[in-house]
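Close look at the chain arrangement
What follows is the residue order along each chain.
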Amino acid sequence: MVLLSNADIRFCNIRVDHQCRRGFIADNKNKEISVKTAGFAYPWDQSSLKSLQVDLKKFKQLDDFASQQVSTRSSVEVLVKELLQKAQTDLEKLRAIWIWVTHHIEYDVKGYYNTELRTGVPGDVLQSGKAVCAGYAGLFKEMCRFAGINCVMVSGHSKGFSYEPGDRFTGSGNHAWNAVSLEGRWHLLDSTWGAGNVSRNSSQFTFQYNEFYFLTHPALFIGDHFPLKDEWQLLNPRVSLRQFEKALMKMSGFYSCDLRSINPDSSLIETANGKATITVKSQSPALFTHTLNGKDECGIITLTAHGMILDIYPKSTGKHKLNIFAKPFDATETYDCVCEYQLQCESVHKEMKLPSAMMNPVGPSWLTEMKGLLQPSQCSPIVYTQDGRCAFRFLLEKDLSFVLKLSLENVNVSDDLSRHVFIYREGNWVEFKIQIPRAGMYLFTIFAKEKSAPGKNHHFVCNYLISCSNPSVQWPVFPLVYASWQQEYELVEPLSGVLPAQRTLQFKVKIPGVEKVLVGSRDTQELSVSSDGYWTGSCSTAGCKDLTVMVRHKPNDSSYSLVLQYQVENN
């Protein structure tokens, strides 16, 4: 009797808004497997995802032949003979069989629901072109027999469609796969999971080849396959069922994205003071995103030199489902779900209310450097300020123009927040000065484009969060900047865009390459230039509504260019 389980269907929609799942039907007839020769242990040094060194490029012609040019279905024996025309070694024979099965046998969705409609007999599977996991494994074993390759079916537990982190496994298993002997050693593979995916509602199968499950290294295969006979783990020491249940399931996408480790490595995690932290290590640059209960929220992702750090702040107590997604940096496809946690939150971090407009990653990283901003003065994703002021300084590797955005959520701020950010460039350095109007959690976003690049669109470079809990903070805007103000100009004082009435104030600016600098409204005061290039002087706000800083570029110019404007408080 073949038992049916939800673990039999593999769901792996790689869009972020879907959950990734795997699984198939168990074969409980497989009681006669001899495991006397299965004791070889494979230590994993992270150099390969497979248990046998394989150059996939050398298989290209064989793969094309097996997947596209062999269509015989008269019998298993005839099929194998035709497949082996292009295969010489046992590895090539096995590869031809694997490619044919994963590209020509579709998952039997109707048979999944109705046992009377499905069959596990290899000849019947070949004729119909459909099978559940027992049919895949049975056909694979039969094809290997005709090819002279020692192959067995293995039954066990799998973390498939119905699996939830923390589930316990009992009984005779819910899945079947194969082990094959090559070069005196046993190896593992799962042609069912290698063939494709079933839609989330279990109604339609789609061929989507997955290389990961061909000769998978046992140290990785044990992540979602637990054989009933533990000799078929091919591991030493062996993993207990309890360890298998507790371990985080790393989906095939975890390894195809060249990720190597994740911490915590348990599927059940808890917050500490309203926060949980996930750390991922990778071999090559990767991008990440996440969902908490299906929504992209409550998390801060920081890219590191070798992976990422995710800090999660649930908005409510209780159990939450946390999914992490990744893709190689240079990949064009959508994100793969790489793992899923069950997160228990005992208390909410009330101060950490993340802006809904925030985009991950947050903080500077190798991605920021690739876009031309190096050596950041602020290396953390969250900048804490007690007096409401902060600055962000970068070394420029490219000649960039910037668009900056400062936002504060759910607060009616009458000031234009863009006036609370001031840009200053000095040589190859750029500095963004910020003074916020009140306490809160601000989102500071940097957009940039190369000046030589066509078009006007500025692209996302970096996010920061700015946190201030001081209720007495109340900084005014910076002065209004006109188009004539260049980013390499420096404003030293006054920095406030709103000046007190009836006061005489000092002005100090660095505006290189101009002939004269004036400040005034009703009365105009000329600033004098010092040996270090700064223009200095004083000006009174008496009787003024505003003050303007003007420059004359050449002695013969008949007009002045406006560069800055200040407001004057009412008397």
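Just so we're clear, the structure is a prediction, and the values are computed from it rather than from any experiment.

1. Details of the overall build of the protein chain
What the protein chain contains, in helices and strands, is 11 helices and 34 strands. In terms of overall dimensions, the protein chain is more spread out than a globule: its C-alpha atoms have a radius of gyration of 32 Å, far above the 25 Å expected for 571 residues. With the principal axes as the frame, the protein chain shows a C-alpha extent of 100 × 50 × 40 Å. Within the protein chain, buried positions represent 52% of all 571 residues. Taking the contacts inside the protein chain whose residues are at least 6 apart along the sequence as the reference set, 67% of them involve residues at least 24 apart. Summing over all exposed atoms, the protein chain offers an accessible surface of approximately 26,200 Å²; the carbon and sulfur share of this is 47%. Side chains of the protein chain carry 60 positive and 58 negative charges; the gap between the two charge centres is 1 Å.

2. Some remarks on the nonpolar core
Leu-94, Phe-140 and Met-143 are the most contacted members of the largest nonpolar core, which totals 97 residues. For this core, the element with the highest residue contribution is helix H3 (residues 90-104), accounting for eight residues. Once residues within four sequence positions are removed from consideration, Met-143 is found in contact with Val-76, Leu-79, Val-80, Leu-83, Ile-97, Trp-100 and Val-101. Ile-423, Val-430, Ile-436 and Cys-468 belong to the second largest nonpolar core, which has 28 residues in total.

3. Details of the pairing of strand E28 (residues 504-510)
On any regular strand, side chains alternate: one points to one face of the sheet, the next to the other face. In E28, alternate side chains face the same way, and those of Leu-505, Phe-507 and Val-509 are buried while those of Thr-504, Gln-506, Lys-508 and Lys-510 on the opposite face are not. Here strand E26 (residues 490-493) runs beside E28; their pairing, made up of three bridges, is antiparallel. For Leu-491, the partnering residue across the bridge sits in E28 and is Val-509. Here E28 pairs with strand E32 (residues 534-540) via seven bridges, running antiparallel. By the bridge assignment for E32, Lys-510 is matched with Tyr-534.

4. Side note on the environment of Gln-525
If you trace the backbone, Gln-525 turns up in strand E30 (residues 524-526). Of the residues examined, Gln-525 reaches a relative accessible area of 36% and is grouped as partly exposed. Sequence separation between Gln-525 and Glu-297 is 228 residues, and the spatial gap between their C-alpha atoms is 53 Å. If we skip the residues at most four places from it in the chain, Gln-525 touches Val-517, Leu-518, Val-519, Ser-538 and Cys-539.

5. Observations concerning the pattern of salt bridges
Any two side chains of opposite charge can pair if their charged atoms end up close together. In this structure the tally under the stated criterion is 20 salt bridges. One salt bridge in this structure joins Lys-50 and Glu-211, with 2.9 Å as the shortest N-O distance. Note that Lys-50 is positioned in the segment before helix H1 (60-69) and Glu-211 in the loop between strand E7 (205-207) and helix H8 (218-221), a separation of 161 residues in sequence. Both residues of the pair, Lys-50 and Glu-211, count as buried. In this structure, the salt-bridge partner of Lys-250 is Asp-265, at a minimum N-O distance of 2.8 Å. A residue pair is termed long-range when its members are at least 10 positions apart, and Lys-250 in the loop between helix H9 (241-246) and helix H10 (252-256) and Asp-265 in the loop between strand E9 (259-263) and strand E10 (268-270) qualify at 15 residues.

6. Here's the deal with the packing of aromatic side chains
Evaluated as defined, the whole model comprises 23 aromatic pairs. Taking the centre distance of 5.3 Å and the plane angle of 40° together, the rings of Phe-226 and Phe-244 count as tilted. One end of the pair, Phe-226, is in strand E8 (residues 225-227); the other, Phe-244, is in helix H9, and 18 residues separate them in sequence. Taking the relative accessible area as the measure of exposure, Phe-226 reaches 9% and is therefore buried. In this structure Phe-244 comes out as buried when scored by relative accessible area, which is 2%.

7. Description of the confidence of the model for the protein chain
Confidence in the prediction of the protein chain, expressed as mean pLDDT, is 88, and 91% of residues score 70 or more. Here residues 1-37 is a poorly scored stretch, pLDDT under 50, and it has 159 contacts once near neighbours within four places are set aside; other chains count.

8. Examining the sheet that holds strand E22 (residues 429-435)
Strand order in this open sheet of four strands is E17-E19-E22-E21, and the pairing throughout is antiparallel. Only two strands of the sheet have a single neighbouring strand rather than two, namely strand E17 (373-374) and strand E21 (421-426). As judged from the six bridges shared by E21 and E22, these two strands associate in the antiparallel manner. Across the sheet, residue Ile-423 finds its bridge partner in E22, namely Phe-432.

Conventions used here
- Residues numbered from 1 in each chain as written.
- Predicted model: local features only at pLDDT ≥ 70, side-chain atom pairs only at ≥ 80, totals over all residues.
- Heavy atoms only, no water.
- Helix = DSSP H or I, 4+ residues; strand = E, 2+ residues; numbered from the N terminus.
- Rg over C-alpha atoms; globule rule 2.2 N^0.38 Å.
- Buried < 20%, exposed > 50% of the residue type's maximum accessible area, 1.4 Å probe, protein only.
- Contact = heavy atoms within 4.5 Å.
- Areas by Shrake-Rupley, 256 points an atom, 1.4 Å probe, with all protein chains shown as cover.
- Lys, Arg positive; Asp, Glu negative; His and termini not counted.
- Charge placed at Lys NZ, Arg CZ, Asp CG, Glu CD.
- Core = buried A, V, L, I, M, F, W, Y, C linked by side-chain atoms within 4.5 Å.
- Pairing = 2+ DSSP bridges.
- Salt bridge = Lys/Arg side-chain N within 4 Å of Asp/Glu carboxyl O.
- Phe/Tyr/Trp six-rings, centres within 6.5 Å; stacked < 30°, edge-to-face > 60°.
- pLDDT = per-residue confidence, 0-100.

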